Amino acid sequence: MIDELIRRLRAIALEEQILQNEPLAAHTTMRVGGAADVFFLPDSALQTMRALEIAREMGLPALLMGNGSNLIVRDGGVRGLVVCLGERFARVRVEGEEISAQAGASLARVAAVAQEAGLSGLEFAAGIPGTLGGGVAMNAGAYGGQLSDALIEARVLLDGREVAFAREEMEMGYRTTLPLKRGLPVLSARFRLTRDDPAAILARMKELNARRREKQPLNFPSAGSTFKRPEGHFAGALIEAAGLKGLRVGGAQVSEKHAGFIVNRGGATARDVLELIAQVQARVQAHAGVLLETEVRIVGDD
């Protein structure tokens, strides 16, 4: 079955775009997880749609990912097809006061292109370690800004077709959107920004990145904020109040710098990370009566 999948993918793409038994730890920022049966790197929306269609026709599971910044892959890896929207599908374009980008473009690059063009509104995204597709799907944000503030529309894969969803149709809330709830891949997006001095925009980006370096454990692999912010609380504060800063399971640790992050101190397995998540959830609920919901996406087999 996998051989047939590879044969059919070769009919629509170059050999170098198709990898077999590819370790997903190399493609996630937590640096854990097993291999993908088939790992595909499309260079267009059409290739993305066709690859997913092939998997569906063959009855094989398919996973869409970006740069793996909000993803934990279990140690057994991922069966079937993994489609990775990365540098091959990452064009960014500026037209007047609008900027559009394909799903594989990093949020940092989109913010940098906007800054160079003298367009303000995405400064907060400069330090978010994710791609545009995943960022739009979860309405990524930081330091008081979120992508919904500037979004005009997103182009989404729906029933095998590329469909434009206006911002009003996206149902964007805190770390949620209609595409996320329905599992619809975001292929590209367009934003409306405001004119400003490029030097002033850059200064704001540098200030936000300095604050991020000061508060977040950027010196260790992680998947970003592990838990969603509970209503009326902050996850990191609840974890710290429960005395869990520095708690370890194998190579995974609750960050000593910011308790809202679980980091890979070296040699962690996905099992270590997931066991630590479960321990944190249980102990915070016992201490504060709040069940922390994971913000990270967990996929694959044990």
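Moving on, we get to the side chain of Ser-100. Considering the arrangement of structural elements, one finds Ser-100 in strand β7 (residues 98-102). Since its relative accessible area comes to 15%, Ser-100 is described here as buried. The residues touching Ser-100, leaving out its near neighbours within four places in the chain, are Arg-91, Val-92, Arg-93, Ala-189 and Arg-190.

The subject of this paragraph is the nonpolar core. Residues Val-136 and Phe-191 are the most contacted members of the largest nonpolar core, which totals 40 residues. Contacts of Val-136, omitting those with residues within four sequence positions, involve Leu-147, Ala-154, Met-170, Met-172, Thr-177, Val-186, Ala-189 and Phe-191.

As a further point, take the layout of surface pockets. Taken as a whole, the second largest pocket holds about 340 Å³ of empty space. Split by residue class, the lining of the second largest pocket holds seven nonpolar, nine polar and four charged.

This next bit is on helix α2 (residues 45-58). The end-to-end C-alpha distance of α2, which contains 14 residues, comes to 20 Å, matching closely the 20 Å that a straight helix rising 1.5 Å per residue would cover. Among the residues of α2, those classed as buried are Ala-45, Gln-47, Thr-48, Met-49, Ala-51, Leu-52, Ile-54, Ala-55 and Met-58. Backbone geometry just downstream of α2 places Gly-59 in the positive-phi region, at approximately 70°.

An order of β15-β18-β17-β16 is seen for the four strands of this open sheet, with the pairing classed as antiparallel. The two strands at the open ends of the sheet, each matched to only one other strand, are β15 (222-225) and β16 (248-249). Note that β15 and strand β18 (residues 261-264) share two bridges and pair antiparallel. Bridged to Ser-222 within β18 is Val-263. Relative to the sheet, helix α8 (residues 270-288) contacts β16, β17 (252-254) and β18, its axis offset from that of β17 by approximately 30°.

Across its 18 residues, helix α6 (residues 198-215) extends 26 Å between first and last C-alpha, which sits within 8% of the 26 Å expected from 1.5 Å per residue. Buried within α6 are the following residues: Ile-201, Met-205, Leu-208 and Arg-212. Mapping the buried residues of α6 onto a view down its axis gives an arc of 65°, with all of them on the same face. Projecting away from the buried face of α6 at angles above 90 degrees are the exposed residues Ala-199, Lys-206, Arg-213 and Glu-214. Those residues of α6 that are buried lie in contact with α3 (107-116), β8 (119-120) and β9 (141-142).

What counts and what doesn't
- Residues numbered from 1 in each chain as written.
- Predicted model: local features only at pLDDT ≥ 70, side-chain atom pairs only at ≥ 80, totals over all residues.
- Heavy atoms only, no water.
- Helix = DSSP H or I, 4+ residues; strand = E, 2+ residues; numbered from the N terminus.
- Buried < 20%, exposed > 50% of the residue type's maximum accessible area, 1.4 Å probe, protein only.
- Contact = heavy atoms within 4.5 Å.
- Core = buried A, V, L, I, M, F, W, Y, C linked by side-chain atoms within 4.5 Å.
- 1 Å grid on protein atoms, 1.4 Å probe; cavity = no way out; pocket = protein on both sides within 12 Å on 5 of 7 lines; lining within 4 Å.
- Points joined across faces, edges and corners; volume = space filled by probe spheres on them.
- Nonpolar A, V, L, I, M, F, W, Y, C, P; charged D, E, K, R; others polar.
- Expected span 1.5 Å × (residues − 1).
- Pairing = 2+ DSSP bridges.
- Axes fitted to C-alpha atoms, helices over the stretch in contact; angles between N-to-C directions.
- Arc of directions from axis to C-beta.

Note that all results are geometric; they support no functional claim without further evidence.
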